[in-house]
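# Remarks on the overall topology
The primary structure of each chain is shown beneath.
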Amino acid sequence: MQTNFSRHRLLGLAALATLLHACGGGPKSSSTSGPDGGAVPTNRINIYLTVESTDLRTAVVRANLNDGHALGASYRLDGGDFLRACVSGVCRSMADNDSVFTPDYIARFDYQSGVDYVVSFNRQESQNAPNSRVALPPAFTIVTPANGQQVTDGDTVLVTWTPGGAPARVSLSYDAECKYAAGSPSFLGGTLSTDSNGDGSESVRIDPIVDFARFNATSAVTRCSIDVIVRHELPGRIDPAFDDGTATGIVSRKVNLDYIPR
């Protein structure tokens, strides 16, 4: 099943974030937003942890700490609280990305498959959470189509990769930039499918992507640059000191399609 999002929807989400901030929905202090102005207890904090590699060189460890509520708040670490990531004996402090609304903490390492990237949450006034773990799936290569392959209306493209990915979950998505005879380009994206049978291949129809670019457009689409992204994902585990959260290891690759209308 394919789902789509557009630049206009992203602008709407940005406006919502601004509204939340205006209503006091910005990040909270990890050390002073708890009971009686003290530290937030670790067992009331959720962690969303990813380790992602888009090439053979680098893995990006990213963590967000939040209250777990829909439209809730993230925590900005202060008062001596900090996150640290380690892999194969190499450790680095995780740096705040300086986001106004949803601070993420990031560290970069060499890509390594099959070993745990370990993230520890270290605290001055509440319980430590030293053992959240994520392993990356093996690297893979997209075999077909060729990068930059030209496509047009009515085409279906067979995307294949090797190795197939099992036991990782494999999903396909897309990002596209489309240009028009008049006006500004649009940026859109969405999910495409999952490789549920694990055969290392999925068919991608061009028409639904371009039809979405044409939706509400005031002039004809003249060209689209479409990136098809294949993601292999492995679940990790979070430290039991946290209230809840997710941990995911992701290896992704992309291939570009050049759409020109008939």
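Before going into details, it helps to say that this report is about the structure given with it. (Residues numbered from 1 in each chain as written. Predicted model: local features only at pLDDT ≥ 70, side-chain atom pairs only at ≥ 80, totals over all residues. Heavy atoms only, no water.)

Under the criterion given, the structure shown has two disulfides. There is a disulfide in this structure between Cys86 and Cys91, and the S-S distance comes to 2.0 Å. Its S-S torsion of approximately 110° makes the covalent link between Cys86 and Cys91 right-handed. Each sulfur of the disulfide joining Cys178 and Cys224 lies 2.0 Å from the other. Given an S-S torsion of about 115°, the disulfide between Cys178 and Cys224 has right-handed geometry. With a gap of 46 residues between them, Cys178 in strand E15 (residues 169-180) and Cys224 in strand E18 (residues 221-235) connect regions that are remote in the sequence. Of the two residues, Cys178 and Cys224, neither departs from the other in class, the shared state being buried. In the chain, numbering the disulfide-bonded cysteines from first to last in sequence yields the connectivity 1-2, 3-4. (Disulfide = S-S within 2.5 Å. Helix = DSSP H or I, 4+ residues; strand = E, 2+ residues; numbered from the N terminus. Buried < 20%, exposed > 50% of the residue type's maximum accessible area, 1.4 Å probe, protein only.)

Take the sheet that holds strand E12 (residues 141-144) next. On the basis of which strands lie adjacent, the open sheet formed by three strands has the order E12-E14-E17 and antiparallel pairing. The open sheet is flanked by E12 and strand E17 (201-205), the only strands paired with a single partner. With strand direction ignored, the average angle separating the axes of adjacent strands in the sheet is 35°. Relative to E17, strand E14 (residues 156-162) runs antiparallel, the two being bridged by five bridges. Considered in E17, the bridge of Thr160 is made with Ser201. (Pairing = 2+ DSSP bridges. Axes fitted to C-alpha atoms, helices over the stretch in contact; angles between N-to-C directions.)

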